[in-house]
Amino acid sequence: MRIKETYSITGMACAGCVAHVQDAISKLKGVSYVEVTLVEGRTVVEYDTDLIIPEEIKRVVDAMGYRLLLGDPKTREREQKRFERRNLMSIRIRLVVTVCMSVLMMLVGMKHDALGMDHHTAQIIQAVAATVVYFFCAWGYHVRTLKQMRTLSFTMDTLISMSISVAYFFSLYRLFSLGDETLSSVFRYSYFDVVGMIMSFVLLGKLLEEQAKSRTTDSLRRLIDLTPQTAMVMGDRGEYEEIAIEDIKIGDRVLIRKGDRVPVDGVSEGHGTFDESSITGESLPVERMSGTPVLSGSVCVGAPVVVMAHKVGADTVLSRIIETVRQAQASKAPIQRIADKVSGVFVPVILGLSFLAFIVWGLAGGEDAWLHGLYFGITTLVIACPCALGLATPTAITVAIGAASEKGILIRDAVALELLGKVTDIVFDKTGTLTSGLPTVSSVLWTVETDEYKSLLVSAEKHSSHPLSGALIRSFGKYQKDLHIIDFVETPGKGISFVFNGEEYRVGNKGLVGEIVCKPHEEPSVKEFEQRHSLSTLVYYTRGNRLLGLFAIEDEVLADASKTISELKAAGVRVHILSGDRTERVEKIASQLGVDSFRGNVLPEDKKTYVDDLRGDGQKRIVAMIGDGINDSPALASADVSIAVATGADVAMDVAMVTIMGATVESVVQAVHLSRRTSKIIKQNFFWAFVYNLTALPIAAGLFYPALFISPMWAAGAMAASSVCVVMNSLRIKR
């Protein structure tokens, strides 16, 4: 059986690590797909369970010097957090030790005369301090390098380990073989202090980088923190007891007190007020009446209410959001795959350049030629930075997906994030997307208006199963009374009739009520109302043949729809509207919103054909489809970018690459702008990463010596700074 699983890999330091881990896993028998990301080490692997087991994947990864975490998402999350805490603590300790040893080496190297010691004694002290740095502070780099070299893989660890190894062992050789031989150039000193300074900058940069990278995953952590650990559930004796949320079952009645987070997806058994901002992005609390759905992760901000559990555990909306964000952060945009390929060959190229610099300077002759070669070879190893290149895309994508989730925009994968900013056409389904999808009484004409007639209307409509009955109840619900009606009859497609106090009442279309009787002065108003609302659904309310009221019911345009369309058009996006509704109604909505391209009376396959035609018209369009219903799923699947509204059908959300969790389509504009901003940040990251390396490498190799050159210690600082700058630039997406 072929399955797709998400794991976490700890210990990776650069894009080279990612490339080699990904390559090693992909070569395993039974693995058909693998994506490894640097940020948090999120790894998606698709494999055949008949050919390979997860433990074998773990064995291969662990053998390379990293660690693959197995288990369920919560277990992996706990392990990941523990590793990050231990890793940060380890980096801090090694950084403090390295800095102390470096200061000691610099002090005795520069002030040994003032301290009353000779040059040889100072060299011995420096050698001891450098040994502490080499074997304690840098030991992890050496171990990973040795493991990787067994498979001929090279990463940033290789460059760091080789550079300080060359400096350390050459200095030992000079100390014990050359003694205090004095050389005339600035290169006459040993490189013990270089070992300390390189590791100081490397570890400082690593600390800043890890702290910054942790901020890129804050949004996911906040989502995970939305899940409560326990809940109050009614037991067999009718009393509430606190249990772990893992033990909640479908059908359990959960007490949600003020301030509690809802642990399940369920239905309210009373009136409640909930803050759903963490799920939908909507800032205002929402009212949930008895029988209405309540989302996991929302917070009760009103009176306590009981929620009947309908979905628990991994099936809840919050759990699905968390898993989707996890998968999205583990996915890669097309531009990232280019970076991975570049990073895969970057380290071997740097090793070659470093060796070339050593040989060329050594063969060039002159005073201390081979020392010059060694100096510039070490500097070339140290200054090269595939980390910045590897972090350019994943950090930006991780920040963007997290920022989107905070706005109620759930992006399933990085491909969708990249494509959103390139969208040229957006096709909207009308009902439930641009309109509320909920019938609403838009206009009323009473010929005889009394509270009793309104109460009678509500009492009768409560017995009806027609969707339009809800519109009337919502409009006149405040007049509700328990009035005794008899002989209730519902005629499908027409309306209802009933008897009250011996008189017959009817509520429905013209076909049900028949000829209506109006007073002469009322007839012009009725005809004018009918003409004005000719595209609405008209409902007549009569007593006998006497018209009491006339209601125009419409699926109203969402309040922000017009603004959304205007902003999309201003951003250069062409907007289209499709609907199975009558063409006249679709035209009315399109005209109201300023949309020229529309089509009505379309079937699901027609929507798909429309999207296919747009994509295949030869104009290199990137087409997005946004819908909410089952009938939209074929078109969603066919579009370059599919966007679903969370209030719609589950199948639409399953197909969609992006889900809008709130009740506003303005999120589409936010998603497009977020994508464009992310792409801009990624391009900036790539630009500065390439400029840094193209500028730094010739200087490091001594191409401009003696007019311009850099020491290994400052090269380490530049290397660390480049990675930190890329991560910090990515964090600007949150602003």
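These figures come from a predicted structure and were not determined experimentally.

The rules behind these values
Residues numbered from 1 in each chain as written. Predicted model: local features only at pLDDT ≥ 70, side-chain atom pairs only at ≥ 80, totals over all residues. Heavy atoms only, no water. Helix = DSSP H or I, 4+ residues; strand = E, 2+ residues; numbered from the N terminus. Buried < 20%, exposed > 50% of the residue type's maximum accessible area, 1.4 Å probe, protein only. Contact = heavy atoms within 4.5 Å. Areas by Shrake-Rupley, 256 points an atom, 1.4 Å probe, with all protein chains shown as cover. Salt bridge = Lys/Arg side-chain N within 4 Å of Asp/Glu carboxyl O. Pairing = 2+ DSSP bridges. Axes fitted to C-alpha atoms, helices over the stretch in contact; angles between N-to-C directions. UniProt positions renumbered as here; feature names shortened; annotations may be inferred. Core = buried A, V, L, I, M, F, W, Y, C linked by side-chain atoms within 4.5 Å. Phe/Tyr/Trp six-rings, centres within 6.5 Å; stacked < 30°, edge-to-face > 60°. Lys NZ or Arg CZ within 6 Å of the ring centre and 35° of its normal. Parallel < 35°, antiparallel > 145°, perpendicular 65-115°, else oblique. Left-handed = near helix turned anticlockwise from the far one by under 90°.

J.: Describe in detail the overall build of the protein chain, supporting the description with residues and values.
T.: Helices and strands together make up the secondary structure of the protein chain, namely 27 helices and 26 strands. Per-residue burial over the protein chain gives 54% buried out of 735 residues. In the protein chain, 70% of the contacts between residues at least 6 apart in sequence involve partners at least 24 apart. Taken as a whole, the protein chain presents about 32000 Å² of accessible surface, with 58% of it coming from carbon and sulfur.

J.: Any details on the pattern of salt bridges? Residues and values, ideally.
T.: Applying the stated criterion across every chain yields a total of 17 salt bridges. For the salt bridge of R257 with D260, the shortest nitrogen-to-oxygen distance reads 3.0 Å. R615 is paired through a salt bridge with D640; the nearest N and O atoms lie 3.0 Å apart. Residue R615 is found in helix α23 (residues 604–615), and its partner D640 is found in the loop between α24 (633–638) and β25 (641–645); the two are separated by 25 residues along the sequence. For R615, a relative accessible area of 37% puts it in the partly exposed group. Beyond isolated ion pairs, a larger network of salt bridges with shared partners links D425, R574 and R621.

J.: I'd love a proper account of the sheet that holds strand β15 (residues 425–429), names of residues and values included.
T.: The pairing of strands in a sheet comes from backbone hydrogen bonds and takes either a parallel or an antiparallel form. Pairing within the open sheet is mixed, and its seven strands lie in the order β14-β26-β25-β24-β15-β22-β23. Where the open sheet ends on each side, the last strands, each with one partner, are β14 (409–411) and β23 (597–599). Between one strand axis and the next, the sheet turns by 20° as a mean value, whatever way the strands run. Sheet analysis places β14 next to strand β26 (residues 658–660), joined by three bridges and oriented antiparallel. The partner of L410 across the bridge, within β26, is T659.

J.: I'd like to hear about the UniProt feature "transmembrane region" (unreviewed entry) in the protein chain, residue by residue, with values.
T.: As recorded in UniProt, the sites labelled "transmembrane region" (unreviewed entry) are residues 91–110, 122–142, 154–176, 188–208, 342–363, 375–403, 686–707 and 713–731. Secondary structure across residues 91–110 comprises 100% helix and 0% strand; the distance between its end C-alpha atoms is 28 Å.

J.: Pulling in residues and values, what's your account of the nonpolar core?
T.: Ranked by size, the top nonpolar core spans 51 residues in total, and within it Y191, F192, M199 and I383 carry the most contacts. Elements represented by at least two residues in this core include exactly α3 (73–111), α4 (119–137), α6 (156–178), α7 (192–216), α11 (334–363), α12 (369–383), α26 (666–700) and α27 (712–730). Residues in contact with I383, not counting those within four places in the same chain, are Y692, A696, L697, A700, I710, A715, A718 and M719. With 47 residues, the next largest nonpolar core counts L434, L568, V665 and I682 among its residues.

J.: Requested: an account of the packing of aromatic side chains, with residues and values cited.
T.: Considering all chains together, one arrives at 18 aromatic pairs under this definition. With centroids separated by 6.0 Å and ring planes inclined at 35°, the aromatic side chains of F135 and W139 adopt a geometry described as tilted. What makes F135 partly exposed here is its relative accessible area of 42%. Grouping aromatic residues by their ring pairs yields a cluster made of Y134, F135, W139, Y168, F169 and F192. Directly above the aromatic system of Y33 lies the positively charged group of K4, at a separation of 4.9 Å from the ring centroid.

J.: So what's going on with the sheet that holds strand β2 (residues 31–36)? Which residues, and what values?
T.: Read across the sheet, four strands follow the order β2-β3-β1-β4 without closing on themselves; strand pairing throughout is antiparallel. The open sheet has two free edges, formed respectively by β2 and β4 (67–69), since each of these has just one partner strand. Strand-to-strand twist across the sheet, computed as the mean angle between neighbouring axes with direction ignored, equals 30°. Packing against the sheet, helix α2 (residues 54–63) makes contact with β1 (2–10), β3 (42–48) and β4, and its axis sits at approximately 155° to β4.

J.: Got a sec to walk through the packing of helix α21 (residues 561–570) against α26? Specific residues and values, please.
T.: Contact geometry for α21 and α26: axes closest at 8 Å, N-to-C directions at 25°. As judged from the angle between their axes, α21 and α26 are roughly parallel. By crossing handedness, the relation of α21 to α26 is classed as left-handed. In contact with K563, T564, E567 and L568 of α21, α26 contributes E666, V668, V669 and V672.

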